[in-house]
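# An overview of the molecular structure
Here's the letter readout for the chains.
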Amino acid sequence: MTQSPAPPLPSPKERRRLREAKSLSQADVADKVGVTRETVRSWETGRTTPRGPKREAYVELLTTQDPATTSADTEDETGVGTGVEAEAEAEVTARQEPYIEAEAESGAEAEAETEAGSNEEPAPPPPPPALTPPQAFDALYAFCTPALVRQTYLLTGRRELARESVERAFQLAWHRWPEVAVDRDPAGWVRATAYEYALSPWHRLRPRHRHPEAPPADAADRALLDVFLKLPPMYRRTLLLYDGVGLDLPETAAETEASTPAAAGRLLRAREAVAERLPELAAPDELHRRLTVLAATERLRAAKPRSVRHGSEHRARTWTRAAIAFTVLLIGATSLTLRTAPDHYEPPMAPGATVRDLPPRAASGPLSDEQLELHAFLKDQMVSGPERLVPEAR
């Protein structure tokens with residue numbers, strides 16, 4: 001019998017993904033492993049690596065599968081198990097069962113060969129087949145949606161806007177899936193898009209957003225949400241990313257498109273504003289816990305991933321048809337203009353001008369004798385009136 005090697009340590013990104021899949025915060029991992037929260041954060045960012053017993057406990061915590069504990073922790077953390085997440089997890093588990101069994105069989109064969117003293121290396125397990133774009137999108141949607149809806153609710157304080165922001169972000173992600181699929185952090189891409197849509201100032205012009213929604217039932221949750229929503233949008237977003245999501249300072253600065261000193265300044269001022277109104281939340285760990293509890297008390301559900309994909313495709317078809325109709329209208333207007341426009345140059349008529357140096361118009365000449373007699377006769381006849389009114393019978 002040979003001593004089994006130490007379990008492999010996942011990559012920094014995989015460590016964070018496994019922790020979030022178990023619905024564990026960095027403080028929870030720190031308590032179970034016996035280190036500080038800052039140490040866990042440095043492990044997940046790759047700055048340091050656990051060693052010795054801490055490494056074994058950390059790897060065992062991340063890789064051990066306990067369905068009962070996981071489901072219980074998830075219900076305690078979120079307050080409600082979404083049907084979307086359960087459906088996606090069941091589908092992914094069903095697809096991966098053959099490969100998990102094959103990997104277990106290959107591992108058993110390798111152990112048997114090692115015990116027999118064989119020096120041959122075991123054959124590597126076959127790689128799992130690549131998921132189709134809809135399957136990969138559905139898996140990303142099921143993994144990110146529950147937490148992302150709660151985060152956008154904390155940003156806006158509106159349940160409908162939180163669901164709409166997440167669905168619109170995933171619709172845009174499906175529309176640009178070739179770009180999102182190769183991104184180094186697809187979840188971060190969708191999160192940034194959802195935050196941008198949720199914090200858009202144009203929502204103030206919508207009629208249904210002129211009236212506030214019902215606040216949380218608990219008085220402490222209402223006070224925390226009121227203080228959180230009174231922060232400037234960028235302070236609110238920075239505080240949520242650092243103390244709520246658990247990103248480190250450089251990642252928070254990159255996602256908010258700010259420098260690291262600027263992000264640190266926003267974080268400090270946001271913490272001071274919260275601590276001024278709620279002194280019991282001056283500690284970052286307590287603030288993180290209260291934000292998690294506040295988000296978990298709201299029962300927020302999102303649409304099915306299939307309906308989100310269909311909505312994205314319908315939206316793309318609508319905009320495409322509108323662009324085609326506008327192009328056809330523009331071509332028709334141009335053709336009509338070319339048809340009715342003159343095809344040759346017509347010079348305009350010059351305005352009239354006064355002709356100078358011409359003799360004045362001459363008056364009529366003197367009357368003849370006959371004209372004078374007629375003029376005198378008519379003048380005499382006009383003096384008396386009856387002849388003018390009653391014609392003479394001749």
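Residues numbered from 1 in each chain as written. Predicted model: local features only at pLDDT ≥ 70, side-chain atom pairs only at ≥ 80, totals over all residues. Heavy atoms only, no water.

In terms of regular secondary structure, the protein chain is built from 18 helices and zero strands. Residues classed as buried in the protein chain amount to 30% of the 394 residues present. In the protein chain, of all internal contacts separated by at least 6 residues, the share reaching a separation of at least 24 is 72%. When the accessible surface of the protein chain is split by element, carbon and sulfur atoms take 58% of a total near 25,800 Å². (Helix = DSSP H or I, 4+ residues; strand = E, 2+ residues; numbered from the N terminus. Buried < 20%, exposed > 50% of the residue type's maximum accessible area, 1.4 Å probe, protein only. Contact = heavy atoms within 4.5 Å. Areas by Shrake-Rupley, 256 points an atom, 1.4 Å probe, with all protein chains shown as cover.)

Overall, the prediction assigns the protein chain a mean pLDDT of 79, with 77% of residues at 70 or greater. For the protein chain, helix α5 (residues 67–78) is the element with the lowest average pLDDT, namely 43, and helix α16 (residues 305–340) is the one with the highest, namely 93. Contacts from residues 68–89, a stretch scored under 50 in pLDDT, to residues over four places away or in other chains number 32 contacts. The model gives residues 110–120 a pLDDT under 50, and that stretch makes five contacts with residues more than four places away or in other chains. (pLDDT = per-residue confidence, 0-100.)

On to the layout of surface pockets, then. With a probe scaled to a water molecule rolled over the atoms, the places where space remains empty come into view. When its volume is computed, the second largest pocket comes out at roughly 630 Å³. Lining the second largest pocket are 27 residues, and of these Thr156, Gly157, Arg158, Leu229 and Arg236 sit closest to its centre. Mapped by element, the contributors of at least two residues to the lining of the second largest pocket are α7 (133–156), α11 (219–229) and α12 (233–245). At four residues, the largest contribution of residues to the lining of the second largest pocket is made by α11. Here the lining of the second largest pocket is composed, by residue class, of 13 nonpolar, six polar and eight charged. (1 Å grid on protein atoms, 1.4 Å probe; cavity = no way out; pocket = protein on both sides within 12 Å on 5 of 7 lines; lining within 4 Å. Points joined across faces, edges and corners; volume = space filled by probe spheres on them. Nonpolar A, V, L, I, M, F, W, Y, C, P; charged D, E, K, R; others polar.)

Core analysis: the largest hydrophobic core is formed by 43 residues, its most contacted members being Leu154, Phe170, Val190 and Leu239. Going through the elements one at a time, α7, α8 (159–175), α9 (177–181), α10 (186–198), α11, α12, α14 (260–277) and α15 (284–297) are the ones with two or more residues in this core. Sort the elements by how many residues they give to this core and α7 lands first, with nine residues. Among residues more than four places away in sequence, those in contact with Val190 are Leu140, Leu148, Ala169, Phe170 and Ala173. By size, the runner-up hydrophobic cluster in this structure holds twelve residues, among which are Leu9, Leu24, Ala30 and Leu61. (Core = buried A, V, L, I, M, F, W, Y, C linked by side-chain atoms within 4.5 Å.)

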